[in-house]
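Structural overview for review
Residue-level listing of the chains:
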Amino acid sequence: MKISSFDIFDTCLVRKCGTPENFFDVFSLRAFNQEPPEWARQEFVAARRLTEQKLWNENPYYTLQDIWCAFDWSHPLLKSSTELCELEQTMEREMLVPVLSMRDKVNECHKQGDKIIFISDMYLSSAFLIDIMRVHGFLQDGDALYVSCECNAAKHDGGLFRYVQQNEGLKSFRHWHHYGDNKQGDYKAPKKLGIQCTLINHEYTPYQKQWKNNDYSLGFKYPSILAGLGRALHYSTEWTTHTDFVLDIIAPFYCSLVYRMMRDAKERGIKRLYFCARDAWPLYQIALQYKSFFPNIETHYLYISRQSLYEGENNAKLQYFIQEGVATK
């Protein structure tokens, strides 16, 4: 029987925000019961990372629950550790999207009758990952999934592969093919055991690399997160001739513009923004997606055009502006 195994993160699934570091920036936006000061948000992110680093030094097979039990940073507005643990899982679900080419590869292996195994060095539980892999169309009945925090073994030294071999009752590694993105854990280590390996690289486009690599901001890393979003959309949607142009050029510019505009409006105490037909329609749609970040700002779409401002009956235009709150009597 032929074995085909697949890494999960950055192989079968990618995060919309890009890197794991970016995930914690996005996570921090919902970690407080009210909007915190920027210094508090940054300290929370640093404390979450530091907690995981300390656990790694003590025991590399920690779980998500272990992380939040050990987390000791506090703030009056911060959610409880139990709430944060649940929130992190919720946001992982929201952030993860499938790589279509890898899903096609898994389906091809299924059709060939291969035994399919998913293997991950991760602190999330196998039950959690099994559910996500089913939702995104990777895992089927009869497949197996192993995660380091439950097996007390990791891929980087070959331990997790040996654990899978023993648990699956495999006599050798001869008919095993593994796919993954990590040079050590998914290629060098399994290759030493005799497993055939294919190194996966879901690259950023040149424009996305510029956004990602030139992000030197000390606070929230908007450019890097936009690069990650573009990469995720590139691999999780059907490609067209316009896809990369939109993802690399149009979307980052428009999304950044609207976010900065709404942030500026918030800082200046502006409560209502108007978007004029038709050129501002894409900007209006982006603003609607940002509503959760700016709940006190109203967004309105005005059904007017430049031509209608120069032509038509002035009283009718004035009445429309009064109706929409742009003008007063």
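Predicted model, so just to flag it, every value in this text is computed and none were measured. (Residues numbered from 1 in each chain as written. Predicted model: local features only at pLDDT ≥ 70, side-chain atom pairs only at ≥ 80, totals over all residues. Heavy atoms only, no water.)

1. Some thoughts on the state of the cysteines
Covalent bonding between the sulfur atoms of two cysteines is what defines a disulfide. Under the criterion given, the structure shown has 0 disulfides. Sulfur of Cys85: no disulfide; nearest cysteine sulfur belongs to Cys69 and is 7.8 Å away. Looking at Cys85, the relative accessible area reads 9%, which means it is buried. The thiol sulfur of Cys149 is not disulfide-bonded, and the nearest other cysteine sulfur, from Cys151, lies at 8.0 Å. (Disulfide = S-S within 2.5 Å. Buried < 20%, exposed > 50% of the residue type's maximum accessible area, 1.4 Å probe, protein only.)

2. A closer look at the layout of surface pockets
The computed volume of the second largest pocket comes to approximately 1200 Å³. Together, 38 residues line the second largest pocket, and Phe9, Asp10, Pro20, Asp121 and Asn182 are the ones closest to its centre. Mapped onto the lining of the second largest pocket, the elements with two or more residues apiece are helix H1 (20-28), helix H2 (38-58) and helix H9 (184-192). In terms of residue class, the lining of the second largest pocket is made up of 14 nonpolar, 10 polar and 14 charged. (1 Å grid on protein atoms, 1.4 Å probe; cavity = no way out; pocket = protein on both sides within 12 Å on 5 of 7 lines; lining within 4 Å. Points joined across faces, edges and corners; volume = space filled by probe spheres on them. Helix = DSSP H or I, 4+ residues; strand = E, 2+ residues; numbered from the N terminus. Nonpolar A, V, L, I, M, F, W, Y, C, P; charged D, E, K, R; others polar.)

3. Remarks on the pairing of strand S6 (residues 176-180)
Burial runs high along S6: 5 of the 5 residues are buried. Across the two faces of S6 the burial is the same, with Trp176, His178 and Gly180 and His177 and Tyr179 all buried. Bridge count for strand S1 (residues 3-7) against S6 is 4 bridges, and the pairing is parallel. In the strand pairing of S6, Ser4 is matched with His177. Here S6 pairs with strand S7 (residues 196-199) via 4 bridges, running parallel. Directly across from Tyr179, in S7, lies its bridge partner Thr198. (Pairing = 2+ DSSP bridges.)

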